[in-house]
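# What the coordinates show
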Amino acid sequence: LFIALDFSLILLITLVIFCIFVLLSNTRIAEGNLEQTIRYKSRDELGILADNFNQVTIRLRPPLTSREMLLAFCVLWAIFCTLSEAFLLSRQIFWP
């Protein structure tokens with residue numbers, strides 16, 4: 001009975017240490033790469049900690065610059081124009 005209890009305790013300690021190691025081993029975030037996230041799928045306390053950590057990195061990301069916003073607007077405008085032309089063309093084909 002004590003051997004099984006000792007083995008279970010060792011397994012639990014190993015699992016907890018491994019999970020903490022996964023959370024702490026991600027040095028890219030510490031170096032300033034806020035695009036990096038922690039992948040941890042469990043819903044236990046460590047999974048909640050990983051989710052919270054990911055939310056913090058998302059909130060710390062810098063907002064889009066005006067150049068990036070202009071580029072995004074141009075791309076969206078091009079998509080809108082292409083869809084508008086496709087719609088007008090389809091109207092002419094199907095409803096002459």
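Higher on the page you've got the structure.
So, here is what we can say about the structure in this document.

Definitions and cut-offs
Residues numbered from 1 in each chain as written. Predicted model: local features only at pLDDT ≥ 70, side-chain atom pairs only at ≥ 80, totals over all residues. Heavy atoms only, no water. Helix = DSSP H or I, 4+ residues; strand = E, 2+ residues; numbered from the N terminus. Salt bridge = Lys/Arg side-chain N within 4 Å of Asp/Glu carboxyl O. Phe/Tyr/Trp six-rings, centres within 6.5 Å; stacked < 30°, edge-to-face > 60°. Buried < 20%, exposed > 50% of the residue type's maximum accessible area, 1.4 Å probe, protein only. Core = buried A, V, L, I, M, F, W, Y, C linked by side-chain atoms within 4.5 Å. Contact = heavy atoms within 4.5 Å. Expected span 1.5 Å × (residues − 1). Arc of directions from axis to C-beta.

### Things to note about the environment of Lys-41
Mapped onto the elements of the fold, Lys-41 is located in the loop between α2 (27–30) and α3 (45–60). Between the C-alpha atom of Lys-41 and that of Asp-51, which follows or precedes it by 10 residues, the distance is 9.2 Å.

### Focus on the pattern of salt bridges
Evaluated as defined, the whole model comprises one salt bridge. One salt bridge connects Glu-35 with Arg-61, and the closest N-O pair in it is separated by 3.8 Å. With a gap of 26 residues between them, Glu-35 in the loop between α2 and α3 and Arg-61 in the loop between α3 and α4 (66–94) connect regions that are remote in the sequence.

### Concerning the packing of aromatic side chains
Within the structure shown, the criterion is met by two aromatic pairs. On the numbers, 6.5 Å between centres and 20° between planes, the contact of Phe-73 with Trp-77 is stacked. Taken as a pair, Phe-73 and Trp-77 lie in helix α4 at a separation of four residues, close to a single helical turn. Here Trp-77 falls in the partly exposed class, since its relative accessible area comes to 48%. A ring pair is formed by Trp-77 and Phe-80, whose centres lie 5.4 Å apart and whose planes are at 35°; its orientation type is tilted. Note that Trp-77 and Phe-80 are positioned in helix α4 at a spacing of three residues, about one turn of the helix. With a relative accessible area of 47%, Phe-80 lands in the partly exposed category. Three or more aromatic residues joined by ring pairs make a cluster, and in this case those are Phe-73, Trp-77 and Phe-80.

### Here we look at the nonpolar core
The biggest cluster of nonpolar side chains holds five residues, and these are Ile-29, Ile-38, Tyr-40, Leu-46 and Ala-50. In contact with Ile-29, other than residues within four places in its own chain, are Gln-36, Ile-38, Phe-53 and Thr-57.

### Thoughts on α3
The first and last C-alpha atoms of α3 sit 23 Å apart over 16 residues, in line with the 22 Å expected at 1.5 Å per residue. Looking only at α3, the buried set comprises Leu-46, Gly-47, Ala-50, Asn-54 and Thr-57. In a view along the axis of α3, the buried residues occupy a sector of 105°, so they form one face of it. Facing away from the buried side of α3 by more than 90 degrees, the exposed set consists of Glu-45, Arg-59 and Leu-60.

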